[in-house]
Structures are given as C-alpha cells and as structure tokens.
Amino acid sequence: MAEPVTAARPVSAGKRPFWTEQRRSRLTAYTFISPFFILFAIFGLYPIFFTIYLSFFKWDALGPMTYVGMKNYDLVTGDPLFWTSFTNTLIMGVMGTVPQLVIALLLAVMLNSAMTRFKKTFRVLFFMPNITSIVAVTLVFSTLFGNNGMINWLLNHMGMESMAFNSGWWGVKIAISTMVMWRWTGYNAIIFLSGLQSIPLDLYEAARIDGANRRQQLLYITMPLLKPFIVFVTLISTIGALQLFTEPYVYLGQSGTGSTREEGITMVTYLYSEAFRNGFFGTAAATAVILFIITIIFSMINMWVSNRMEGSTGGGKA
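In this text the structure is predicted, and so the values were computed from the model without any measurement. (Residues numbered from 1 in each chain as written. Predicted model: local features only at pLDDT ≥ 70, side-chain atom pairs only at ≥ 80, totals over all residues. Heavy atoms only, no water.)

All right, on to the overall build of the protein chain then. If you tally the helices and strands in the protein chain, you get 12 helices and two strands. Each helix and strand of the protein chain, ordered N terminal to C terminal, gives the series α-β-β-α-α-α-α-α-α-α-α-α-α-α. Across the protein chain, the fraction of contacts at a sequence separation of at least 24, relative to all contacts at a separation of at least 6, is 66%. Surface summary for the protein chain: the accessible area is close to 20300 Å², and the carbon and sulfur share equals 69%. (Helix = DSSP H or I, 4+ residues; strand = E, 2+ residues; numbered from the N terminus. Contact = heavy atoms within 4.5 Å. Areas by Shrake-Rupley, 256 points an atom, 1.4 Å probe, with all protein chains shown as cover.)

What follows concerns the pattern of salt bridges. Overall, the coordinates contain two salt bridges when judged by the stated rule. Measuring nitrogen to oxygen at the nearest pair gives 2.8 Å for the salt bridge that ties Arg208 to Glu205. Highlighted residues: Arg208 and Glu205, both in helix H8 (residues 201-209), separated by three residues, approximately one helical turn. (Salt bridge = Lys/Arg side-chain N within 4 Å of Asp/Glu carboxyl O.)

Along its 34 residues, helix H1 (residues 21-54) runs 46 Å from first to last C-alpha, staying within 8% of the 50 Å computed at 1.5 Å per residue. At Ile33, H1 shows its maximal kink, close to 45°; a proline, Pro35, follows between one and four residues later. (Expected span 1.5 Å × (residues − 1). Bend = angle between axes of the 7 residues up to and from the residue.)

A contiguous nonpolar patch, built from Tyr30, Phe32, Ile33, Phe36, Phe37, Phe40, Leu45, Ile48, Phe49 and Ile52 and spanning about 1100 Å² of accessible area, is present on the exposed surface. Summarising the element assignment, Phe37 is placed in helix H1. (Patch = residues over 30% accessible without salt bridge, like charges linked within 9 Å, V, L, I, M, F, W, Y side chains within 5 Å.)

Core analysis: the biggest nonpolar cluster contains 18 residues, and Ala108, Phe192, Leu196, Ile199, Ile221 and Val233 have the highest contact counts within it. At the level of secondary structure, the elements contributing two or more residues to this core comprise helix H3 (80-112), helix H7 (169-197), H8 and helix H9 (214-242). Those residues in contact with Phe192 that sit more than four places away from it in its chain are Leu101, Ala104, Leu105, Ala108, Leu226, Phe229, Ile230 and Val233. (Core = buried A, V, L, I, M, F, W, Y, C linked by side-chain atoms within 4.5 Å. Buried < 20%, exposed > 50% of the residue type's maximum accessible area, 1.4 Å probe, protein only.)

Glancing now at the confidence of the model for the protein chain. Taken over all residues, the pLDDT of the protein chain has a mean of 83, while the share at 70 or more is 87%. Mean pLDDT across the secondary structure elements of the protein chain bottoms out at helix H4 (residues 119-131), with 78, and peaks at helix H2 (residues 71-77), with 94. (pLDDT = per-residue confidence, 0-100.)

Before going further, it helps to examine the side chain of Asn152. Along the chain, Asn152 turns up in helix H6 (residues 150-157). A distance of 2.8 Å separates the side chain of Asn152 from the backbone nitrogen of Met163, its partner in a polar contact. Contacts of Asn152, omitting those with residues within four sequence positions, involve Gly146, Asn147, Ser162, Met163 and Phe165. (Polar contact = N/O pair within 3.5 Å; in protein donor to acceptor, adjacent residues only side chain to side chain.)

It is worth spelling out helix H5 (residues 134-144) at this point. Looking at H5, one finds that the buried residues are Val137, Thr138, Phe141 and Ser142. Looking straight down H5, one finds its buried side chains confined to an arc of 140°; they lie on one side. Buried residues in H5 make contact with H7 and helix H10 (246-252). (Arc of directions from axis to C-beta.)

Next up on the list: unusual backbone geometry. The phi angle at Ala61 is positive, at roughly 75°, despite the residue not being glycine. Here Ala61 is to be found in the loop between strand E1 (57-58) and strand E2 (66-67).

At a minimum axis distance of 6 Å, the contact between H4 and H7 shows a crossing angle of 135°. It follows from the interaxial angle that H4 and H7 lie oblique. Our pair here, H4 against H7, has a crossing hand that is left-handed. Residues Arg123, Phe126, Phe127, Pro129 and Asn130 of H4 pack against Trp182, Arg183, Trp184, Gly186, Tyr187, Ile190, Leu193 and Gln197 of H7. Residue classes in the contact of H4 with H7 are distributed as eight nonpolar, three polar and two charged. (Axes fitted to C-alpha atoms, helices over the stretch in contact; angles between N-to-C directions. Parallel < 35°, antiparallel > 145°, perpendicular 65-115°, else oblique. Left-handed = near helix turned anticlockwise from the far one by under 90°. Nonpolar A, V, L, I, M, F, W, Y, C, P; charged D, E, K, R; others polar.)

This part covers the packing of aromatic side chains. Under the definition given, this model contains 22 aromatic pairs. Plain terms: the ring middles of Tyr249 and Tyr272 are 5.3 Å apart, the flat faces sit at 70° to each other, and that makes the pair edge-to-face. Here Tyr272 lies in helix H11 (residues 267-276) and Tyr249 lies in helix H10, a separation of 23 residues in the sequence. By relative accessible area, which is 24% here, Tyr249 ends up partly exposed. Classification of Tyr272 as partly exposed rests on a relative accessible area of 26%. (Phe/Tyr/Trp six-rings, centres within 6.5 Å; stacked < 30°, edge-to-face > 60°.)

Checked against the element boundaries, Gln100 lands in helix H3. Polar side-chain contacts of Gln100 include one of 2.8 Å to the backbone oxygen of Gly96. Discounting residues that sit within four places of it in the chain, Gln100 has contacts with Val180, Met181, Trp184, Thr185, Asn188 and Ser237.

Here we take up the packing of H8 against H9. Taken N-terminus to C-terminus, the directions of H8 and H9 make an angle of 165°; their axes are 11 Å apart at the nearest point. Between H8 and H9, the interaxial angle falls into the category roughly antiparallel. Seen along the crossing, H8 lies across H9 with a hand that is right-handed. On the side of H8, the interface is formed by Leu203, Tyr204, Ala207 and Arg208, while H9 contributes Gln217, Ile221, Thr222 and Leu225. Across the contact of H8 with H9, the residue classes tally to five nonpolar, two polar and one charged.

Shown next, in the form of structure tokens:
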C-alpha cells in the first residue's frame, strides 16, 4: 500500500537563515578590527581597573597583597610632598601652557599669511622639536641653564645676576617650563594652522567689503571659527601639563633622587618615586587615581569655560 503524500511545510516569510550575507560581512569587519580592541583591553582597560583595585591594597610588587581600604589615599593626601608636587604641576603647567598657546597662535597666523615665503620649510622647522628625543632635548637644556651656561652668560652680559636654574625654586620651574614650551609650541601651531586654513576666504572678503578692519575680522570671524581648535589644543595641553614627567625627571634626576626635590617634583614623578624607589605600589596607585580625577576635573573646567566664552561672544556684531 502506498504511503500518503504529506504536504511540505511552508517556510514563514519573516524567518531568514541565521548566516545571512549581512551577518557574514559584519563578522568579517569585526574580525579585522578585533586586534585593536583586544590590545586596548589588555594594555588600556586592564591597567586602569587594576590600578583602581591596587589603590586599596598594600603591595611591594613581590609579597602578598594586603587590603588596607582607604589608607593609601589618606597617606597620599596627608603627605606634604604630594601637595608640593601638585602645586609645582599647576605652576609649571600655567607657565608652560599659556605662553605656548599664545605664541603658537601667532606663529600659525604668520604661516597662514600669503606674504610669508618658504611656508613649507617653516612648518617642518616648527614641528621638528616635537619629534626630537625628549631626553636629548633635556640634556641640551641642562647645559644651557647650567650655572655657567649660556642663559646665565646672557643675563650677566645684560647686567643681571645669574639665576640658579638647577636649584632655585623659580629657576627650576622656568627651565622646565621653557623646555615644555620649546617642544610643544610648533605642534600646536600646526594644529592652529589647519584651523585657519579651514576658514573660507569668502568670509574675510565679505567682511572687508562691509568695512570690517583686521581686529574685527579677528574677533568676529577668526576666533569664533577657530574655537574648536582652541578648545582641543587647550585640553590636550592641560592634560599634558598634568602628566609632566620626562623633563623634570631627566633635568633633576641625574643625581639619584634629584627628581624628587621639592622645587621641581611633579605629581607623576611623585607617583614614580613611590612605586619604583620606595616600593609602595599601593600609594602610587592611589596617586594615579587622584591624578586621573584631577585631570577629569580640569578637562570639565576647560569645557565649561569654552562654553561660557561661546555664549558670551555668540551674539556679538561686527
């Protein structure tokens, strides 16, 4: 007897195979970019979370870890040397960042001028300090700012007394801030230049036809349109100032523990000393967390100030 023929079950119109062409293309794309996320998770996210975790423990990197709670934070905030490093970081940050941004903007305007010759050559020269070895630059500046260096020779030649750039409270800060300015001014000038070149020339032509002078063009065209670049440069310069390490470490650290001298110690050199000289990795991790919080606070202040400036100048008229 023949078996009855059963009708085939219709496939629902809304149901599709799991491995569609779109899913395959997405999987291929994620596979290609996965090395970045894997490396970022290993060398970026994991150290951050481990540092926060370590800040609640006492550890010398060899023995067992002992939970101490908030004691590491109490030890750091109760250490006068930490607050000295915080003060030094702020002072050298202001001394090295504010003049740097002003000079960088002036250099960018000069490079953007149609009357300037050899513009490409100047751009390369301005950017070269940023790709020069920081250690080599610091050693050269150590010679320039030495007791018998060229800077003191110039001061004496102008009838002024020599300055203790290697040991004086303000002398050390001036020398380190000068290194920071020399290294980053050209880099910021190139960023400002890219912002100036993105402004349409038609706006300046229309402003000149309406009778606007150079000052009005600067205030009501250049500065408002350059604001995103100014905010970006100010933000990265602030973060870089808070993370200042190599210049004071090499400049003052040539004599053992010189980089922890009160006149030149920064928050990062304090952190480094706690971990790799004193063996207190718990307090070093707490210092890193505090520095992270301070960096976020200063970044938020920068954004708030920039937004306030945008609101105060947004309604101006030429």
